[in-house]
Amino acid sequence: QMDGMRVDAKARTARVQPGVVLAQFDRETQARGLATTMGTVSQTGVGGLTLGGGFGRLSRRFGLACDNLIGAVMVTADGRRVATSNSRNPDLLWALRGGGGNFGIVTSFEYRLHAVAPEMHGGLLVFPFTEPRALLRSYADFIADASDELFVMFDIVPTPNGRIAALEVCHSGGKAAVKLFEPADACLGGQGQGDDRGHRAAAHGGDIAEVALEQLG
């Protein structure tokens, strides 16, 4: 299965096999108050995500998943086992950061971790998509000056009753995040038809949007 993982809290690094999924990664790192950028769906594997770039809820703070890859072990097409880091085969590490599976089979990833609060404030905001220009302008005005701790994914979703705008929001700054949403409410307020925001355990690679949509019906 190749789903082993070891976190070094002192060095703030994690060595991870490619079978590890984001739910496991979050669980192991957040138990130590640490995290790094991963994707947004909890059953995604770290391997393909990292080799393809890896956009997630912490991207504005820490870059992509591949930006936090500091080492890897891989098997090349001719069967050689090759280790790479910033000091060993650095050109290969550069290529692996977003280069996909073109260079061999990666059997171990090493990530840089960051101190991240063990809870987030977030969920789903749902708006009717009846005035798209005004809604998108309000969103653009707000997000331009928003804190790097704030992640917002703006989705346009078809439903039986017409299109809706679903904004998945996640602030990774802990409980103080509530007040930071006030400018967003001022910009977007008056149109909302659903609000699932609240404090919850951090799920930087979890299924916030899926759960929230089910709750909102």
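Only a predicted model underlies this, so the values are computations on that prediction, with no experimental measurement involved. (Residues numbered from 1 in each chain as written. Predicted model: local features only at pLDDT ≥ 70, side-chain atom pairs only at ≥ 80, totals over all residues. Heavy atoms only, no water.)

**Points about helix 1 (residues 22–30)**
Inference 1: L22, Q24, F25, D26, T29 and Q30 are the residues of helix 1 that are buried.
Inference 2: Tucked into the core, helix 1 has its buried residues touching strand 1 (5–8), strand 2 (13–16), strand 3 (34–35), helix 2 (46–51) and strand 6 (105–112). (Buried < 20%, exposed > 50% of the residue type's maximum accessible area, 1.4 Å probe, protein only. Helix = DSSP H or I, 4+ residues; strand = E, 2+ residues; numbered from the N terminus. Contact = heavy atoms within 4.5 Å.)

**Description of the nonpolar core**
Inference 1: With 22 residues, the main nonpolar core has F25, V46 and Y111 as its most contacted residues.
Inference 2: Only strand 2, helix 1, helix 2, strand 4 (69–75), helix 4 (90–96) and strand 6 provide two or more residues apiece to this core.
Inference 3: Leave out the neighbours within four places in its chain, and V46 touches V16, Q17, P18, V20, L22, F25, M38, F109 and Y111. (Core = buried A, V, L, I, M, F, W, Y, C linked by side-chain atoms within 4.5 Å.)

**Here's the deal with the environment of R60**
Inference 1: Its location among the elements puts R60 in helix 3 (residues 59–62).
Inference 2: For R60, a relative accessible area of 30% corresponds to the partly exposed category.
Inference 3: With 90 residues separating them in the primary sequence, R60 and L150 have C-alpha atoms 7.6 Å apart.
Inference 4: Excluding its chain neighbours within four sequence positions, the residues that come into contact with R60 are I143, A146, S147, D148 and L150.
Inference 5: A polar atom in the side chain of R60 sits 3.2 Å from the backbone oxygen of S147. (Polar contact = N/O pair within 3.5 Å; in protein donor to acceptor, adjacent residues only side chain to side chain.)

**So, unusual backbone geometry**
Inference 1: One non-glycine residue, R12, lies in the positive phi region at around 55°.
Inference 2: Mapped onto the fold, R12 is located in the loop between strand 1 and strand 2.
Inference 3: The phi angle at N89 is positive, at roughly 50°, despite the residue not being glycine.
Inference 4: Following the sequence through the fold, N89 ends up in the loop between strand 5 (81–85) and helix 4.
Inference 5: Judged by its relative accessible area of 40%, N89 falls in the partly exposed class.

**Remarks on the environment of V152**
Inference 1: Turning to its location among the elements, V152 is positioned in strand 9 (residues 150–159).
Inference 2: Separated by 19 residues in the primary sequence, V152 and H171 have C-alpha atoms spaced 8.7 Å apart.
Inference 3: Filtering out sequence-adjacent residues up to four positions away, V152 remains in contact with Y139, I143, L167, E168 and V169.

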